[in-house]
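# Overview (structure and organization)
These are the residues of each chain, in order.
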Amino acid sequence: MDKNIYYKVYGEGESIVFLNGMMMATNSWSPFIKDVTKDFKMITVDLLDQGKSDSFEGFYNIETQSDFLKRFLDEIQIERAHLVGMSYGGKVALTFASKYEYKVRSLILSNTASFTTNILREIGKGWGYAASTLDVDVFSSVVLPYMYSYKYYEKNYNYIKKMKKALSKTLNLEWYEKFIRGLQSMSDYNVHNRIKDIKVPTLIISSELDILMPVKYQYLIHREIENSKWIILKEVGHASMYEKPGEYISTVMEFLMEQTREKV
């Protein structure tokens, strides 16, 4: 599979690879560069059909993405890395760790699950239909309320409207085809029976008010991965890294620094 992949590297030290959620790209992680690069090398990457990386015309799934990530890390000569995966990226990270654990220093799973639920498939169908209209008002009205807590959405509605305007510049047929393939890549996702064998240090981050990936599904991961750490961020929805960016990145970095101290 010869595909061009877009990525950015910042800083020096042990590598941390940040894996995007469905509607994210490398620049989504930019607010955290200063915090991360104090002690680590930060790598942000667009996987298949994400951001500026190549499209993948044809069927693929989360397993394909994890294999693609393996090839990418080999190509840039990263023997082992810490993985941070948000939502969709968490699914890729979890699948990768279950298959290539020898390449993982630690695992940080944010707002994600170990299998696709029936209700998430139904939500995905709704998102797909909304995307097919290429109408930013229809799409954002169907999708964005799942992303944020009620309080954040109401308080930051002017920001939400700016986001809609920015989205309007990207909604075209090529974007739609990528988006649909991304949704479909999760339809058969289920690694729950494999994750009990993961032994690397693992942090699981939940959001108290996440209606897309409810807390229960991070608990199921925590229950299976021995000695994993589980934290629930209060009063935030699915997009916790946007609602409380300071608390989010502090949680991530404290865990990573713990791993570093334990090696000394």
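Quick look at the structure, then. (Residues numbered from 1 in each chain as written. Predicted model: local features only at pLDDT ≥ 70, side-chain atom pairs only at ≥ 80, totals over all residues. Heavy atoms only, no water.)

## Looking at unusual backbone geometry
At D49, a position not held by glycine, the phi torsion is positive, near 65°. Relative to the elements of secondary structure, D49 occurs in the loop between β3 (41-45) and α2 (62-75). Residue class for D49 comes out buried when judged on its relative accessible area of 9%. Positive phi values are uncommon outside glycine, yet L134 reaches one of about 55°. (Helix = DSSP H or I, 4+ residues; strand = E, 2+ residues; numbered from the N terminus. Buried < 20%, exposed > 50% of the residue type's maximum accessible area, 1.4 Å probe, protein only.)

## Side note on empty space enclosed by the protein
Under the definition given, this model contains 1 cavity of 30 Å³ or more. Reported here for the largest cavity is a volume of approximately 30 Å³. Along the walls of the largest cavity sit A113, F115, T117, L120, L212, M213, P214 and Y217, which together make up its complete lining. Residues of the lining of the largest cavity, tallied by class, amount to 7 nonpolar, 1 polar and no charged. (1 Å grid on protein atoms, 1.4 Å probe; cavity = no way out; pocket = protein on both sides within 12 Å on 5 of 7 lines; lining within 4 Å. Points joined across faces, edges and corners; volume = space filled by probe spheres on them. Nonpolar A, V, L, I, M, F, W, Y, C, P; charged D, E, K, R; others polar.)

## Side note on the nonpolar core
The biggest cluster of nonpolar side chains holds 62 residues, and the ones touching the most others in it are V17, L69, L94, L107 and F139. The element that contributes the greatest number of residues to this core is helix α3 (residues 88-99), accounting for 6 residues. With residues near it in sequence (within four places) discarded, F139 still touches M23, W127, A130, A131, L167, L171, W175 and F179. In this structure, M42, I108, M241 and V252 belong to the second largest nonpolar core, which totals 22 residues. (Core = buried A, V, L, I, M, F, W, Y, C linked by side-chain atoms within 4.5 Å. Contact = heavy atoms within 4.5 Å.)

## Some remarks on the sheet that holds strand β2 (residues 15-19)
Ordered in space as β1-β3-β2-β4-β5-β6-β7, the 7 strands form an open sheet in which the pairing is mixed. Whereas interior strands pair on both sides, the edge strands pair on one side only; in this sheet they are β1 (7-10) and β7 (229-233). Taking each pair of neighbouring strands and ignoring which way they run, the sheet shows an average axis angle of 15°. Packing of α2 onto the sheet brings it into contact with β1, β2 and β3, and relative to β2 it is tilted by some 145°. (Pairing = 2+ DSSP bridges. Axes fitted to C-alpha atoms, helices over the stretch in contact; angles between N-to-C directions.)

## Points about the side chain of T116
Note that T116 resides in the loop between β5 (104-110) and α4 (118-132). Here T116 falls in the buried class, since its relative accessible area comes to 7%. Those residues in contact with T116 that sit more than four places away from it in its chain are R121, M186, S187 and Y189.

## Considering the pattern of salt bridges
Counted by the stated rule, this structure contains 13 salt bridges. With its nearest N and O atoms 2.6 Å apart, the salt bridge here joins K70 to D74. With K70 and D74 both in helix α2 and 4 residues apart, this pair spans about one turn of that helix. A single network of salt bridges, built from pairs that share partners, joins E63, D67, K99 and R194. (Salt bridge = Lys/Arg side-chain N within 4 Å of Asp/Glu carboxyl O.)

## Side note on the packing of aromatic side chains
The geometry of two aromatic rings is summed up by the distance between their centres and the angle between their planes. Considering all chains together, one arrives at 15 aromatic pairs under this definition. Ring geometry for F56 and Y60: centres 5.4 Å apart, planes at 90°, overall edge-to-face. Residues F56 and Y60 agree in their burial class; the two are buried. With a centroid separation of 5.7 Å and an interplanar angle of 80°, the aromatic rings of F115 and Y217 are classed as edge-to-face. Taken together, the positions of F115 in the loop between β5 and α4 and Y217 in helix α9 (residues 215-224) put the pair 102 residues apart, joining distant regions of the chain. (Phe/Tyr/Trp six-rings, centres within 6.5 Å; stacked < 30°, edge-to-face > 60°.)

## Observations regarding α2
For α2, with 14 residues, the first-to-last C-alpha span of 20 Å sits near the 20 Å given by 1.5 Å per residue. The set of residues buried in α2 consists of I62, T64, Q65, S66, F68, L69, K70, F72 and L73. Where α2 is buried, its residues contact β1, β2, β3 and α3. The opening residue of α2 is N61, an N-cap whose side-chain oxygen sits 3.1 Å from the backbone nitrogen of E63. Q77 sits one or two residues past α2 and shows a positive phi near 60°. (Expected span 1.5 Å × (residues − 1). Polar contact = N/O pair within 3.5 Å; in protein donor to acceptor, adjacent residues only side chain to side chain.)

Spatial relationships are all this shows, so hold off on functional conclusions.
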